[in-house]
Amino acid sequence: MAKKNLRIREKTIFDGIFSKYILKFLFSLWFKVAGWKLCTATPEGAGITIAAPHTSNWDFVYALGAAILQDVKIYFSIKDSMCRIPLLGRWLMYLGAMPIDRSSTGLGQVEQIKQFIETQKGKRVFFLFTPEGTRGGVAKWKTGFYHVAQGCGLPIFLAKVDYLSKETGVFHIFKLTNNKDDDIQAMQASYKSVYGKYPTKQFPPYQGPMPSIGDKEAAIIRALYAINSIKGVATKMEISAKAKMGELSNTMFDFLIDNGLVEQGFLERAEITYQLTLAGKGCYLHLYSQDDSLVIPNG
């Protein structure tokens, strides 16, 4: 007998009085007592959301709390076999599980999410993926989330659960370019400063918190990110014009270079040029939740 296809539930734990009032109150109280805070980015509409690093089941609990506190509805992909287990499957579906049948007779993941999005237009719905694919140590990300975002025409929301800063939620709205490898590397670079519950298991490896930088240095990084995406490198004059600032001091650039965020080169006429390193691109994703929203770092 052919097994019955499972469909994504429209009504989940995020709907109704229990979530809007009781769970919101409980998570608000817990976060306040435990010292946790929410990221400032508050995306509207639907998006493919990646949450990293993923080293503990507690990651989902904090992600769930952030979603409920910010009135966001989340769904997460899972093998449909898990959703067929009595009681457990029903509970997973109620939590927002997306049962994915990867067999030859199953509906493709992209197509399934596409069809569901049609019923969720205008709503704040995040489709959650953990790029490591497991809580254990890995050597690379699974990039299925990227293909889903491409196929659905959605942005990628970068989310984190940082156990050092006690911060959780979406910190950047990433718009895909035409270069998958660069996009993935930039996203991974941003997670090198996020401290997982078990940092020795996380990928990419934890490399310490971001350096504290001032407003002017942040403006340089923003200008370089915009220019680098078009032409690769920029002169000090081009950076100054893009950042709408006056003359930029060498001290600012030396600070960014010493902290590994910017690297220096030369044009044919021996004119000094600058470009962001991967660490610099990752830093940008934390500084700016989206193109026109500046988040000033601590310090």
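Residues numbered from 1 in each chain as written. Predicted model: local features only at pLDDT ≥ 70, side-chain atom pairs only at ≥ 80, totals over all residues. Heavy atoms only, no water.

Right, let's talk about helix 6 (residues 180-191) for a bit. Compared with the 16 Å implied by 1.5 Å per residue over 12 residues, the 17 Å span of helix 6 between its first and last C-alpha is a close match. Along its buried surface, helix 6 packs onto strand 2 (47-51), helix 5 (144-152), strand 6 (156-162), strand 7 (167-174) and helix 10 (278-287). Where helix 6 starts, the residue carrying a side-chain oxygen 3.3 Å from the main-chain nitrogen of Asp181 turns out to be Asn179. (Helix = DSSP H or I, 4+ residues; strand = E, 2+ residues; numbered from the N terminus. Expected span 1.5 Å × (residues − 1). Contact = heavy atoms within 4.5 Å. Polar contact = N/O pair within 3.5 Å; in protein donor to acceptor, adjacent residues only side chain to side chain.)

It is worth spelling out the packing of aromatic side chains at this point. What describes a pair of aromatic rings is the distance from one ring centre to the other and the angle between the planes of the rings. With the rule as written, the count across this model stands at 22 aromatic pairs. Residues Phe31 and Trp36 carry aromatic rings whose centres are separated by 6.4 Å and whose planes lie at 45 degrees to one another, so their mutual orientation is tilted. The same class applies to Phe31 as to Trp36, namely buried. Ring centres 5.9 Å apart and planes at 25 degrees place the aromatic pair Tyr75 and Phe127 in the stacked group. On the criterion of sequence distance, the pair formed by Tyr75 in strand 3 (residues 73-79) and Phe127 in strand 5 (residues 125-129) is long-range, its members being 52 residues apart. In this pair, the class of Tyr75 matches that of Phe127, namely buried. Feature note: the residues Phe27, Trp30, Phe31, Trp36, Trp58, Tyr62 and Tyr163 constitute an aromatic cluster, connected by ring pairs. Positioned above the aromatic ring of Phe171, the side-chain terminus of Lys160 is 5.4 Å from the ring centre. Seen from the ring of Tyr198, Lys201 lies directly overhead, with NZ or CZ sitting 5.2 Å from the centre. (Phe/Tyr/Trp six-rings, centres within 6.5 Å; stacked < 30°, edge-to-face > 60°. Buried < 20%, exposed > 50% of the residue type's maximum accessible area, 1.4 Å probe, protein only. Lys NZ or Arg CZ within 6 Å of the ring centre and 35° of its normal.)

On to the environment of Leu92, then. Residue placement: Leu92 occurs in helix 3 (residues 88-95). Residue class for Leu92 comes out buried when judged on its relative accessible area of 11%. Separated by 10 residues in the primary sequence, Leu92 and Met82 have C-alpha atoms spaced 8.3 Å apart. Excluding residues within four positions of it along the chain, Leu92 makes contact with Phe76, Ile78, Met82 and Ala97.

Before going further, it helps to examine the sheet that holds strand 5. Reading across the sheet, the 7 strands line up as 1-7-6-2-5-3-4 and stay open at both edges, with mixed pairing between neighbours. One side of each edge strand has no neighbouring strand; the edge strands of this open sheet are strand 1 (37-38) and strand 4 (97-100). Examined bridge by bridge, strand 2 and strand 5 share 4 bridges and lie parallel to one another. Paired with Thr49 across the strands is Leu128, a residue of strand 5. On the sheet, helix 6 packs against strand 2, strand 6 and strand 7 and is oriented at approximately 20 degrees with respect to strand 6. (Pairing = 2+ DSSP bridges. Axes fitted to C-alpha atoms, helices over the stretch in contact; angles between N-to-C directions.)

For a regular strand, the rule is simple: side chains alternate between the two faces of the sheet. Where burial is concerned, most of strand 5 is hidden: 5 out of the 5 residues are buried. Of the two faces of strand 5, the one holding Val125, Phe127 and Phe129 and the one holding Phe126 and Leu128 are both buried throughout. As judged from the 4 bridges shared by strand 3 and strand 5, these two strands associate in the parallel manner. Looking at the pairing, Tyr75 lines up with Phe127 of strand 5.

Further remarks concern empty space enclosed by the protein. Applying the stated criterion across every chain yields a total of 1 cavity of 30 Å³ or more. There is about 150 Å³ of room inside the largest cavity. What lines the largest cavity is a set of 16 residues, and nearest its centre among them are Ala63, Phe126, Ala159, Gly169 and Val170. Among the secondary structure elements, those contributing two or more residues to the lining of the largest cavity are strand 2, helix 2 (58-69), strand 5, strand 6 and strand 7. Here the residues of the lining of the largest cavity are counted per class, giving 11 nonpolar, 4 polar and 1 charged. (1 Å grid on protein atoms, 1.4 Å probe; cavity = no way out; pocket = protein on both sides within 12 Å on 5 of 7 lines; lining within 4 Å. Points joined across faces, edges and corners; volume = space filled by probe spheres on them. Nonpolar A, V, L, I, M, F, W, Y, C, P; charged D, E, K, R; others polar.)

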